[in-house]
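Each chain, letter by letter, is given below.
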Amino acid sequence: MQSGVCGIQPVLNREQALQQAQLFLHTIGCAQASEPLACARALSPQQIEVRGIEPGNILTADSRSFSYYPLAVDDGAFVSGVPQQQLQTDAKRAIPVLLGTTADEGSLFTGQIAFPRDAAAYERDLEQRFPGAGKALAMQYPFAPQQPIGSAYARMFADAMEVCPTRRIAEQRANDAPVYLYQFAQSPSAPLLWLMQLRHGYDAVPLGVHHGAEIPYVFGSNTVVGHVWTREQRQTRKQLMRCWANFARTGSPNAPGLPPWPVYTRDERAYLRIDSTPEVSRDLGGQTCAVWDAHPQFSFW
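Residues numbered from 1 in each chain as written. Predicted model: local features only at pLDDT ≥ 70, side-chain atom pairs only at ≥ 80, totals over all residues. Heavy atoms only, no water.

**Q** What exactly am I supposed to notice about the overall build of the protein chain here?
**A** The secondary structure content of the protein chain amounts to twelve helices and six strands. Against the 2.2 N^0.38 benchmark of 19 Å for 301 residues, the protein chain shows a C-alpha radius of gyration of 21 Å, consistent with a compact globule. Viewed in the frame of its principal axes, the protein chain has a C-alpha envelope of about 65 × 50 × 40 Å. Residues classed as buried in the protein chain amount to 44% of the 301 residues present. Once local pairs closer than 6 in sequence are excluded, the contacts in the protein chain between residues at least 24 apart make up 71%. A total accessible area of about 15,500 Å² is found for the protein chain, and carbon and sulfur atoms account for 55% of it. The centroid of the 25 positive side-chain charges in the protein chain is displaced by 6 Å from the centroid of its 27 negative side-chain charges. (Helix = DSSP H or I, 4+ residues; strand = E, 2+ residues; numbered from the N terminus. Rg over C-alpha atoms; globule rule 2.2 N^0.38 Å. Buried < 20%, exposed > 50% of the residue type's maximum accessible area, 1.4 Å probe, protein only. Contact = heavy atoms within 4.5 Å. Areas by Shrake-Rupley, 256 points an atom, 1.4 Å probe, with all protein chains shown as cover. Lys, Arg positive; Asp, Glu negative; His and termini not counted. Charge placed at Lys NZ, Arg CZ, Asp CG, Glu CD.)

**Q** How do you make sense of the nonpolar core when you look at a structure like this?
**A** The tendency in soluble globular proteins is for nonpolar side chains to be buried side by side. Counting 29 residues, the largest nonpolar core has Tyr122, Tyr153, Trp292 and Phe300 as the members making the most contacts within it. Elements represented by at least two residues in this core include exactly helix 6 (119-129), helix 7 (134-140), helix 8 (150-173), helix 9 (191-196) and helix 12 (289-294). In terms of residues, this core owes the most to one element, helix 8, which gives seven residues. Ranked by size, the runner-up nonpolar core spans 17 residues in total, among them Trp244, Phe247, Leu258 and Trp261. (Core = buried A, V, L, I, M, F, W, Y, C linked by side-chain atoms within 4.5 Å.)

**Q** Would you mind going over the state of the cysteines with me for this structure?
**A** Here, disulfide denotes a covalent bond that connects the sulfur atoms of two cysteines. Scanning all chains against the criterion turns up two disulfides. Paired by a disulfide, Cys30 and Cys39 hold their sulfur atoms 2.0 Å apart. Taking the torsion about the S-S bond as the criterion, the Cys30 to Cys39 disulfide, at about -65°, is left-handed. The disulfide that involves Cys164 links it to Cys289, with 2.2 Å between the sulfurs. One quick way to see it: the torsion about the S-S bond of Cys164 and Cys289 is about -90°, and its sign makes the bridge left-handed. Placement of Cys164 in helix 8 and of Cys289 in helix 12 is noted, with a sequence separation of 125 residues between them. In terms of burial, Cys164 and Cys289 fall into one category: buried. Each bonded cysteine of the protein chain is numbered by sequence order, and under that numbering the disulfide pairs are 1-2, 3-4. (Disulfide = S-S within 2.5 Å.)

**Q** Explain the pattern of salt bridges to me, please; I cannot follow it from the model alone.
**A** Side chains that differ in charge, positive against negative, can pair when their charged atoms come close. According to the stated counting rule, one finds ten salt bridges in the structure shown. One salt bridge in this structure joins Arg231 and Glu232, with 3.1 Å as the shortest N-O distance. Glu232 sits in the partly exposed class, given a relative accessible area of 31%. The network of salt bridges with common partners includes Arg167, Glu171, Arg269 and Asp283. (Salt bridge = Lys/Arg side-chain N within 4 Å of Asp/Glu carboxyl O.)

**Q** Please clarify how a nonpolar patch on the surface should be interpreted in this entry.
**A** Nonpolar side chains collect at one region of the surface, where Leu192, Leu195, Leu198 and Val224 lie side by side and expose about 440 Å² of accessible area between them. Mapping Leu192 onto the fold places it in helix 9. Looking at Leu192, the relative accessible area reads 53%, which means it is exposed. (Patch = residues over 30% accessible without salt bridge, like charges linked within 9 Å, V, L, I, M, F, W, Y side chains within 5 Å.)

**Q** Please explain the sheet that holds strand 3 (residues 97-102) as it appears in this structure.
**A** In a beta sheet, neighbouring strands are held together by backbone hydrogen bonds and run either parallel or antiparallel to one another. Pairing in this open sheet of four strands is mixed, and the strands run 3-4-5-6 from one edge to the other. Of all the strands in the sheet, just strand 3 and strand 6 (279-282) have a single pairing partner and so form its edges. Pairs of neighbouring strands in the sheet enclose a mean axial angle of 35°, with direction left out of account. Where helix 8 meets the sheet, its contacts fall on strand 3 and strand 4 (179-184), and the angle it forms with strand 3 comes to roughly 160°. Running at roughly 160° to strand 4, helix 11 (residues 231-250) makes contact with strand 3, strand 4 and strand 5 (270-274) of the sheet. (Pairing = 2+ DSSP bridges. Axes fitted to C-alpha atoms, helices over the stretch in contact; angles between N-to-C directions.)

**Q** What exactly am I supposed to notice about the packing of helix 6 against helix 8 here?
**A** Any two packed helices are characterised by how steeply their axes cross, that is the angle between the axes, and by the distance between the axes. Running from amino to carboxyl end, helix 6 crosses helix 8 at an angle of 20°, the nearest separation of the two axes being 13 Å. Put simply, helix 6 runs roughly parallel to helix 8. Classified by chirality, the crossing of helix 8 by helix 6 is right-handed. On helix 8, the residues that touch Tyr122, Asp125, Leu126 and Arg129 of helix 6 are Ala152, Tyr153 and Met156. (Parallel < 35°, antiparallel > 145°, perpendicular 65-115°, else oblique. Left-handed = near helix turned anticlockwise from the far one by under 90°.)

Here it is in structure tokens:
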């Protein structure tokens, strides 16, 4: 599980999904058609946009502005049961898990937020996003005039949507099967994403080791999210591909010649911080996960 796990977004039941589908069909003018799906499929993206479903790019816009946002559906047929519950079934309990995040998961997703300009507006915005927890979050991620406020939002997004949900899954699975937790920290080379960052607002945080930065290292090919150019990057790629291949083969990423990767336990909470010189660290997320664990329903999406 890379850069995101089940539980960071709600899962719709069949009735909720049908309501969402009816609203979508009504918006584009197909709800009363004799064949609503055929009507919708016949429309071009441009026609759908004209009829009221505006396009939204999750990397360049605040998702609260989206006119439509699809979610997973527990329909009892193709998908049966909430994913978190499925992970706890007897058939899946003994399966080893490798999961983790990048060092700067929130940077790509928060650049277009309309950042508040003072501490009072900051706390109001947090309270609106996370009812009942605005003050606590403002203390945990304080408004600091001497640094870009975008850094606080990026850290909040990373913790709420990636780091803490990933840690919760690791905690849940630790007693049942081997769990290997990581944080990917190799500085990436992503020219196209750097250009996209020009659209980010004032006070947005630099991309850093952004969401998806590990993909070229896992699969060994350059992509829009990154290129492997330097000697350190090539060394990281070689190690990462071997770790992932070993895990797929044996259920453990460990092998001779690779840095030792300890199993995650609730006592030690060890994880591997991955770059050209990997090292074992402990307690990913630390105390910052307390508020998010107390309110798992909170979401930026």
